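So you can see what is in the structure, the chains are spelled out below.
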Amino acid sequence: MRAFKNLLVNEQIKALPFTKSIIKHFKNIPVAFFKPAEEQNIIKKFNRADVLLLTGLKGSFLKKCPGTTEYSCCNYYILNTEINCPFSCSYCILQDYFELKAHVIYTDIDELLLHLPRQLKKLNKEKMRIGTGEFTDSLALDNISGISLKLISFFKDYPHILLELKTKSLNVGNLLTITPPGNIIVGWSVNTDKIIQKVERNTPSLLKRLEAAQKLAQAGYKLSFHFDPIIFYEEMEKDYKKVIDLIYRYVPAEKISWISLGCLRFTKGLMQSFFKKSPGFIDEFIVGDDNKLRYLRPRRVRAYKTITGRIKKYNPEQFIYLCMESQTVWKQVFGFSFETNEDFEKWFNDHVFEKQRS
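Residues numbered from 1 in each chain as written. Predicted model: local features only at pLDDT ≥ 70, side-chain atom pairs only at ≥ 80, totals over all residues. Heavy atoms only, no water.

Participant: Is there a simple way to think about the sheet that holds strand 14 (residues 286–287) in this case?
Facilitator: Whether parallel or antiparallel, the strands of a sheet pair through hydrogen bonds between backbone atoms. Read from one edge of the open sheet, three strands run 13-15-14, paired in antiparallel fashion. Looking at which strands have only one partner, the edges of the open sheet turn out to be strand 13 (265–266) and strand 14. Of the pairings in the sheet, the one linking strand 13 to strand 15 (residues 293–294) comprises two bridges and is antiparallel in character. Note on strand 15: the bridge partner recorded for arginine 265 is arginine 294. (Pairing = 2+ DSSP bridges. Helix = DSSP H or I, 4+ residues; strand = E, 2+ residues; numbered from the N terminus.)

Written out as C-alpha cells, the structure reads:
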C-alpha cells in the first residue's frame, strides 16, 4: 500500500476531533495547514498520490452509484466519505474519473451524518443498499480513520438499509471490536493470484484477504465477494475456479450474502494506461453502448457461466448478480433479465434482505 509523504489540512476543519485523531497518526511527515480559499491552489501544488488531504465535503454525501442506462444497474447508493485509493491497481477507473490524485478524507463526517436522516427520509425507500467503496477502498485506511465504526453506529438504527463496506485490505481490527449489526456487509474484491501479482500491485494476497474475511465471518458478520474485474488470460478459467474453491474453504456458505461478477471494462482514456502498465493482458475489446471498452459478449458470457457454475457447486442457492451488464448477457447467463433498473433493484432487495434475516 502506498505511503503518504505529505499531510494537508484545511484550517476550517482542523479543530474537529476526527481531524485531530488522524493527524496524530502522522508524526513523521510534514503537515501543512491552509485556508479554505487556498484549497484549489494547494491541491494543484500537491496533486500527488502520496499526499493525504483532510478537508470538508462540499458536494453531496449520499448519491446514486454512477451507473448507466445502457446496462442493468441495481440502483445502489454510495456515501462519499473519501476520494481515491492507496492501492495502485492498473485497471482502476478512479485514475480516469478524478483529476485529483491526492487521497482525500472528509473529516466533517460527523456533521454529514447529522444531516443524512433528512436525505434518507426524502428518498423514502422501503429497502436500500448503500456502500462506501465506489470512490475509495472502504477499509484501506480504517486503522487510521476508524470511519467504519462511525458508519456502523449510524446505520445500526436503520434496519431497512444494508451498508456494504467493500475492500481489498486487511484492516478489520476496528470491526472486530464490536458486535456486528445484522445490516452490515463487509465485501472483498477478489481475483486470481496472477492478476493480484501483475495488475493489483501492492495489494494483499488472495489468501490474506480470505483470512481477514474468515475472522469477520467467525465474529458474526455477513460477507460479500466481488469478482470485478474478471480479466482474461490463458488458463484464467482454471484460476478463477481455484479462487471460488478457496472462498468456500475459508468462509461458510451461509455467511455469504451475495457475489457479484463483472468483466474488465474501462474508458478510452484508461485503455492505453492499462496496456502500458499491464502489457501481458492486452486483448481484443469493443466499444459498448456506454462508450466503455469491453470483451466480446460471447467471451463474457462464457466466463460468467463458468464462474457461476463453480459457485453453484458449493451453494446452489447462492445469490449472484452481474454488475453493469446488458439484458442480453443476463438472459444468456441466467435465463432472465430486467426491463428496468427498478425491477433489478426489487429483485436484488427481495433476495438479500430475506437472507439477512436468516
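Text resumes after the structure shown.
Participant: What am I meant to see in the side chain of asparagine 349 here?
Facilitator: Looking at where asparagine 349 falls in the secondary structure, it is placed in helix 13 (residues 341–357). Polar side-chain contacts of asparagine 349 include one of 2.8 Å to the side chain of arginine 129. Beyond its immediate chain neighbours, meaning those up to four positions away, asparagine 349 contacts Lys127, Met128, Arg129 and Glu354. (Polar contact = N/O pair within 3.5 Å; in protein donor to acceptor, adjacent residues only side chain to side chain. Contact = heavy atoms within 4.5 Å.)

Participant: I'm lost on the pairing of strand 10 (residues 184–189) in this one. Help?
Facilitator: Successive residues of a regular strand alternate their side chains across the two faces of the sheet. Extensive coverage of strand 10 is indicated by the burial of six of its six residues. Here strand 10 shows no split at all, with Ile184, Val186 and Trp188 on one side and Ile185, Gly187 and Ser189 on the other all buried. The pairing of strand 9 (residues 161–167) with strand 10 spans five bridges and is parallel. By the bridge assignment, leucine 163 is partnered in strand 10 with isoleucine 184. (Buried < 20%, exposed > 50% of the residue type's maximum accessible area, 1.4 Å probe, protein only.)

Participant: Any chance you could explain the state of the cysteines here in plain terms?
Facilitator: Cysteine pairs can be covalently joined through their sulfur atoms, and such a bond is termed a disulfide. Counting across every chain of the model gives zero disulfides. Unpaired in this structure, cysteine 65 has its nearest cysteine sulfur neighbour in cysteine 73, at a distance of 5.3 Å. Residue classification places cysteine 73 among the buried positions, given a relative accessible area of 7%. (Disulfide = S-S within 2.5 Å.)

Participant: I would appreciate a short explanation of the nonpolar core in the present structure.
Facilitator: In a soluble, globular protein the nonpolar side chains are often hidden away together inside. Formed by 126 residues in total, the largest nonpolar core has its most connected members in Ile130, Trp188, Leu223, Phe225, Phe227 and Ile230. The dominant element in this core, judged by the number of residues it contributes, is helix 9 (residues 236–250), at eight residues. Apart from the residues within four sequence positions on either side, tryptophan 188 is in contact with Thr167, Lys168, Ser169, Val172, Arg209, Ala212, Ala213, Leu216, Leu223, Ser224, Phe225 and His226. (Core = buried A, V, L, I, M, F, W, Y, C linked by side-chain atoms within 4.5 Å.)

Participant: In this structure, what is going on with the pairing of strand 8 (residues 128–131)? I would like to understand it.
Facilitator: The alternating pattern of strand 8 places Met128 and Ile130 on one face and Arg129 and Gly131 on the opposite face, and all of these are buried. Note that strand 5 (residues 77–79) and strand 8 share two bridges and pair parallel. From the neighbouring strand, tyrosine 77 faces strand 8, where its bridge partner is isoleucine 130. Both strand 8 and strand 9 contribute to a ladder of four bridges, which runs parallel. Paired with methionine 128 across the strands is isoleucine 161, a residue of strand 9.

Participant: Before we go on, may I ask you to explain the pattern of salt bridges in this structure?
Facilitator: Once their charged atoms are close, side chains differing in charge can pair, the charge on each being opposite to the other. Under the defined criterion, the tally for this structure stands at 16 salt bridges. Two residues, arginine 310 and aspartate 245, come together in a salt bridge whose shortest N-O distance is 3.0 Å. One end of the pair, arginine 310, is in helix 11 (residues 297–314); the other, aspartate 245, is in helix 9, with 65 residues separating them in the sequence. For arginine 310, a relative accessible area of 22% translates into the label partly exposed. A salt bridge links aspartate 350 to lysine 346; the nearest nitrogen and oxygen atoms lie 2.7 Å apart. Here lysine 346 and aspartate 350 lie together in helix 13, a separation of four residues that amounts to about one turn. Accessibility expressed as a relative area gives 35% for aspartate 350, which makes it partly exposed. Of the residues examined, lysine 346 reaches a relative accessible area of 54% and is grouped as exposed. Taken together, the shared-partner salt bridges connect Lys127, Lys346 and Asp350 into one network. (Salt bridge = Lys/Arg side-chain N within 4 Å of Asp/Glu carboxyl O.)

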